[in-house]
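A look at the structure
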Amino acid sequence: MWGVIVNRFKQGFRTLSYPKEIPSFPKRFRGRPIIPTTETQFLIDKEKDPLGAVVLEKKPAIDMGKCLFNEDMKTVCSKGTLIYSQDHRMAVSKREDLIIQDEVRLATALNEKTRRIFGRSLKLREVCAGSCGGCDAEIQAMGNVVFDLSRFGIQFVASPRHADGLMITGPVTKNMELALRKTYEAVPQSKIVIAVGACAISGGPFQGGKEVHNGVEELIPVDLYIPGCPPHPLTILDGLLRLLGRLQNEKRI
Ligand code: SF4
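Residues numbered from 1 in each chain as written. Predicted model: local features only at pLDDT ≥ 70, side-chain atom pairs only at ≥ 80, totals over all residues. Heavy atoms only, no water.

Let us look at the site of the ligand. In the vicinity of the ligand, the contacting residues are S131, C132, G134, C135, G197, A198, C199, P205, G228, C229 and P230. Sorting the residues of the shell around the ligand by element identifies α3 (134–141) and α5 (197–202) as the ones contributing at least two each. Among the elements that take part in the shell around the ligand, α5 stands out by supplying three residues, more than any other. (Near = heavy atom within 4 Å. Helix = DSSP H or I, 4+ residues; strand = E, 2+ residues; numbered from the N terminus.)

A separate point is the pattern of salt bridges. For the structure on display, the rule yields nine salt bridges. For E103, the salt bridge is made with R105, and the minimal N-O distance between the two is 4.0 Å. Classification of R105 by relative accessible area gives partly exposed; the value is 34%. Through salt bridges that share partners, R32, D87 and R89 make up one connected network. (Salt bridge = Lys/Arg side-chain N within 4 Å of Asp/Glu carboxyl O. Buried < 20%, exposed > 50% of the residue type's maximum accessible area, 1.4 Å probe, protein only.)

Relative to strand β7 (residues 154–156), strand β6 (residues 122–128) is paired through three bridges, and the arrangement is parallel. Directly across from L124, in β7, lies its bridge partner F156. Each parallel crossover has a hand, and for β6 linked through α3 to β7 it is right-handed. (Pairing = 2+ DSSP bridges. Right-handed = clockwise from strand over helix to strand, strands pointing away.)

For the rest of this paragraph, the subject is helix α6 (residues 233–243). Counting buried positions along α6 yields eleven of eleven residues, so the element is predominantly enclosed. The set of residues buried in α6 consists of P233, L234, T235, I236, L237, D238, G239, L240, L241, R242 and L243. After α6 finishes, the residue G245 shows a positive phi value of roughly 75 degrees.

Our focus in this paragraph is helix α4 (residues 174–186). In this model, α4 (13 residues) spans 19 Å end to end at C-alpha, consistent with the 18 Å of a helix rising 1.5 Å per residue. On its buried face, α4 sits against β6, β8 (165–169) and β9 (192–196). (Expected span 1.5 Å × (residues − 1). Contact = heavy atoms within 4.5 Å.)

Next up on the list: the side chain of S93. Mapped onto the elements, S93 comes out in the loop between β4 (83–84) and β5 (99–100). In contact with S93, other than residues within four places in its own chain, are A107, T108, D223 and Y225.

Interpretation note: all reported values are geometric properties and have no functional meaning in isolation.
Dropping the structure here:
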């Protein structure tokens, strides 16, 4: 027992001072993708991008809601290399804002009335609607001593009747459809819905499958989209704090 206490003292204070200080991410971290926009004549290697995350309109754009943040995506364009930046900020309020070219419109705060209710105490029910478990693991990590989610007044609850909103992962399998609808209906008004990960946003790698929906939005309205496969806990936390109006700076990057 004494050894445990001594070790604990040696470890010191582990909670990040986020959002005051942003920690440096390891080199392998794949943050917000940056697509080369100098060339207009792009060819897209469909084999490397079967989900259609790179969109060619007037300029090339990347749909973060479909991006799986994999290595192959880096060389998906014939000209220029897609780069994964070290920027963890990716959460947005509208689905179309996930399609990025030069600028990102980050998530905006809830309206004043809703923010007054949830701003200092937000209870969420997590629903795994057919995910692989990756996004759920990152959500769970937010509760550890490093991220310490509860210091922001955000907690997960067991019953949707005690929740202010839902945090959903997975593409929503047909088997989970009824359960998700019932859980959504059980949350009292006003309620918020947060889609976490490529699956919950667009179906992710399961997109187009017969037994799944292509994301939460096919069934219920979404207030916050957090891309990634899976998103880093700080990407999720950044989105939550923006939704609650506690990160007002850098609305656009
Ligand atoms: S987005 Fe990726 S990590 Fe999250 S549930 Fe889907 S496949 Fe798993």
